[in-house]
Amino acid sequence: MFLTPDGRQVARVSRPVDHVLIIDDELALLEMLQTVVSTFGYEVTAASSVDEAEGLLTRQGTHTYQCVLTDYKMPGRNGLELLRWLRHFDGDLSIIVNTGYASHEDVSAMIREGAVDVLRKPVQMDLLGQAIAHGVRQTRLSRRRARAEQAVKQVGVVQGYMLRITGIRDLPWVGFYSRPMHQAGGDFVAYHKREGGGHLLILADVAGHNLDAAYISAFFHGAVHGMASGSMSALDMMGEVNTFLLEKWNDRDLGDTLDQAPEASVCAMFLEMDAERKHLSFHNNGLPPPVVTCVAGRSRVLGTGNSPLGLYEDPETYVEQVDDMSGCAILCFSDGLEDFAHARRVTPLALACRLHLAAESAREELLADADDDIMLMRVCMDGCGDEDSFLPVFMEAYAGDRCKDIDAIEDSWARSISFAVPELPDDKLYALLITAREAMLNALKHGCEGSPNMKATLHVAFCPALKTVRVIVEDPGQGYFDDFLTNPEPDMEKERHSGLVLIRNFPDKIWTERNNATVFAEFTWI
Amino acid sequence: MNASIPQVTVAGSGEEITLVVGCNILSTNVQTVRQQVLDILNDAEVSNPDWKQLHLDITAAQMIDSTGLNFLVAVARHVKKRSIELKISVSSANIAKSFSFIRLDRQAQVVLV
């Protein structure tokens, strides 16, 4: 039996007894406190000075105790010093300071240093009991939270290790960045060397972004690893995963919450390449379509996303075979990156470009507010290196009747381009915007004849090595016969629209294709 | 850059009339700017026969596109016919560069402030 703070007698329970350390230099008071606190049902150890208490805590370990009750004013060192010493070693152990002399400043200092309560002598028994019970609860809670945090951190460590052993970071032709919302997440990538020297890259994004997503993701990659080792085709592997999710994992009634496990779906992308990385066999279920950028800086979206695996019997996997990908780079990203880019009012390509080029610390800063897992991968195909290759920054097609929206359109260019290439000097940004604006207006008015059914496209790409931004404006029209834009000594007698004068003069380099229906302009800085 | 609401005001009188254009001059707002400037110039011709110089203060502009440039060239032609000198103040080196590309700097005194 023991006595509760409110005077009731309660039978001891069999769980471990919480241990309280009491420190006071007045031995009579120390003995009295020891007796009283014992009657509350705690195991009590007494110390008559800070030095003695530190000795006990050091020898026995702070985890021996669930609460510390200390006097404030004692010969030698005081309760505040004990508090500071203890915080250095164990931030979770609750300390209650019991004082008859402390000023307001002293009390404030104790609270600042982390005391859970400050009692005034002579302390009432019920208040003492409540304070210790609260302190013990706080200690248990803090320690449980610390253990959970450590466990979560460990999942992240394991996922990081799994990423390392996939070998993805050892491939010089792959740039990969992943930032889970928590310590670990559902976005993951794996690499498999195929028979005959081919390469298989698999990106997956499991629904949800909690630790359960990381677990399902690991399960998915483990399963696929086994299938890939057996030389199964990408389409068959996706089919197997879809069937497993449908027939096993998600095969239950909507109301069946017996095990609380969420329904699972997996967005997955398979990039299968030959040994030389010229040919690409591309499969996608649910991930945002990647963007392929060619040597010239022109980009195109690769297919469509379709639905994730695990939802329908026919997953309708998007499949595309590309025979010659020489010189191209493929930029893949998860929907978390897309969403975060939209929240920042920039294009996913602009965010991807910035992230790809940023240092690790800058990436963390950029994504501090992201509320989803973010994954980015850039795959350089044969002949595409970092030396002179262009990263896509912007790509958008506009209907011929959009001239009236040109200000808003230009705003979106300015936001995304300056975000993606923060080092772009102001005068170059201006030159780029005015050139793109004039070229786009020409393309919409003339190339598309103002028709809502025809579209002109703007591509913007950045080559960090050359410190060059390339702009491409193209329309479906026939172009026009005039070498004014490209001839170093054009016929100046001919009257021309001043838009062409700006397009000719602002870029550092300009050339055209298809009778000026495609205009290339470059902006370079030192 | 958004085309801000057109805002043309007169800030001078006598021999020099100063027109302050407080916005970008772009294809999307040039018609309104043109009308406001034209109204002021027509008033000036009637009310101020001693008028000798027009000062266009467009230091608030961050961007002037080709349509805006064409409009400024038209203003330059307009005042030249009336033997009125034109001075244009800009605050953007990029805009000054545009003037030089379309040779507006030969039609007017361009001041970069």
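Residues numbered from 1 in each chain as written. Chains lettered and ligands numbered in written order. Predicted model: local features only at pLDDT ≥ 70, side-chain atom pairs only at ≥ 80, totals over all residues. Heavy atoms only, no water.

*Asks:* Tell me about the packing of helix 6 (residues 211-229) of chain A against helix 7 (residues 234-249) of chain A, residues and numbers included.
*Replies:* The relative placement of two packed helices is expressed as an angle between their axes plus a distance between the axes. All names here are of chain A. Between helix 6 and helix 7, the least distance of the axes is 10 Å, while the angle of their chain directions is 135°. The orientation of helix 6 relative to helix 7 falls into the category oblique. Pair helix 6 / helix 7 crosses with right-handed handedness. Contact residues: helix 6 offers Ile216, Phe219, Phe220, Val224, Met227 and Ala228, while helix 7 offers Met237, Glu240, Val241, Phe244 and Trp249. Across the contact of helix 6 with helix 7, the residue classes tally to ten nonpolar, no polar and one charged. (Axes fitted to C-alpha atoms, helices over the stretch in contact; angles between N-to-C directions. Helix = DSSP H or I, 4+ residues; strand = E, 2+ residues; numbered from the N terminus. Parallel < 35°, antiparallel > 145°, perpendicular 65-115°, else oblique. Left-handed = near helix turned anticlockwise from the far one by under 90°. Contact = heavy atoms within 4.5 Å. Nonpolar A, V, L, I, M, F, W, Y, C, P; charged D, E, K, R; others polar.)

*Asks:* Lay out the nonpolar core with the relevant residues and their values.
*Replies:* With 103 residues, the main nonpolar core has Trp413(A), Leu458(A), Leu54(B) and Phe99(B) as its most contacted residues. With twelve residues, the single largest contributor to this core is helix 12 (residues 426-447) of chain A. Setting aside chain neighbours within four positions, we find Leu54(B) in contact with Ile17(B), Leu19(B), Leu41(B), Val75(B), Val79(B), Ile84(B), Glu85(B), Leu86(B) and Lys87(B). Listed in part, the 33 residues of the second largest apolar core include Leu171(A), Tyr191(A), Met375(A) and Met381(A). (Core = buried A, V, L, I, M, F, W, Y, C linked by side-chain atoms within 4.5 Å. Buried < 20%, exposed > 50% of the residue type's maximum accessible area, 1.4 Å probe, protein only.)

*Asks:* Can you explain the pairing of strand 4 (residues 85-90) of chain B? Please cite residues and give values.
*Replies:* Residue and element names in this part refer to chain B. Counted residue by residue, strand 4 has five buried out of six residues, so it is predominantly covered. When strand 3 (residues 53-57) meets strand 4, the two strands line up parallel, connected through five bridges. Bridging across to strand 4, Leu54 finds its partner in Leu86. Taken together, strand 3, helix 2 (residues 66-81) and strand 4 constitute a β-α-β crossover, and its handedness is right-handed. After leaving strand 4, the chain enters helix 3 (residues 93-101) and then returns to the sheet as strand 5 (residues 109-112), a path that is right-handed. (Pairing = 2+ DSSP bridges. Right-handed = clockwise from strand over helix to strand, strands pointing away.)

*Asks:* Please give an account of the packing of aromatic side chains that cites residues and values.
*Replies:* Residue and element names in this part refer to chain A. What the rule picks out here adds up to ten aromatic pairs over all chains. Here the aromatic rings of Trp173 and Tyr191 are separated by 6.2 Å at their centres, their planes lie at 75°, and the arrangement is edge-to-face. On the criterion of sequence distance, the pair formed by Trp173 in the loop between helix 5 (125-166) and strand 8 (174-179) and Tyr191 in strand 9 (residues 187-193) is long-range, its members being 18 residues apart. Exposure remark for Trp173: the relative accessible area of 9% places this residue in the buried category. (Phe/Tyr/Trp six-rings, centres within 6.5 Å; stacked < 30°, edge-to-face > 60°.)

*Asks:* Which residues make up the interface of chain B and chain A, and what are the values?
*Replies:* Chain B puts 19 residues into the contact, and the matching count from chain A is 20 residues. A buried area of about 1,700 Å², summed over both sides, lies between chain B and chain A, and 54% of it is on carbon and sulfur atoms. Seen at the junction of chain B and chain A, the total is one salt bridge. Arg437(A) is the salt-bridge partner of Asp65(B), the closest N and O atoms lying 2.9 Å from each other. Counting across the interface, chain B meets chain A through seven residue pairs in polar contact (both at pLDDT 80 or more). For the side of chain B that touches chain A, the secondary-structure elements that each account for two or more residues are helix 2 and helix 3 of chain B. Counting residues per element, the side of chain B that touches chain A draws most heavily on helix 3 of chain B, at five residues. (Buried area = accessible area lost by both parts, 1.4 Å probe. Salt bridge = Lys/Arg side-chain N within 4 Å of Asp/Glu carboxyl O. Polar contact = N/O pair within 3.5 Å; in protein donor to acceptor, adjacent residues only side chain to side chain.)

*Asks:* Report on the sheet that holds strand 3 (residues 19-23) of chain A, specifying residues and quantitative values.
*Replies:* Residue and element names in this part refer to chain A. Within the open sheet, the five strands sit side by side as 4-3-5-6-7. Their pairing is parallel. Each having just a single partner strand, strand 4 (43-47) and strand 7 (117-120) make up the two edges of the open sheet. Put simply, the sheet's adjacent strands are angled 20° from each other on average, direction ignored. The pairing of strand 5 (residues 67-71) with strand 6 (residues 94-99) spans five bridges and is classified as parallel. From the neighbouring strand, Thr70 faces strand 6, where its bridge partner is Val97. Relative to strand 4, helix 2 (residues 50-60) is tilted by about 135°, and along the sheet it contacts strand 3 and strand 4. Of the strands in this sheet, strand 3, strand 5 and strand 6 touch helix 3 (residues 79-89), which is tilted by about 150° from strand 5.

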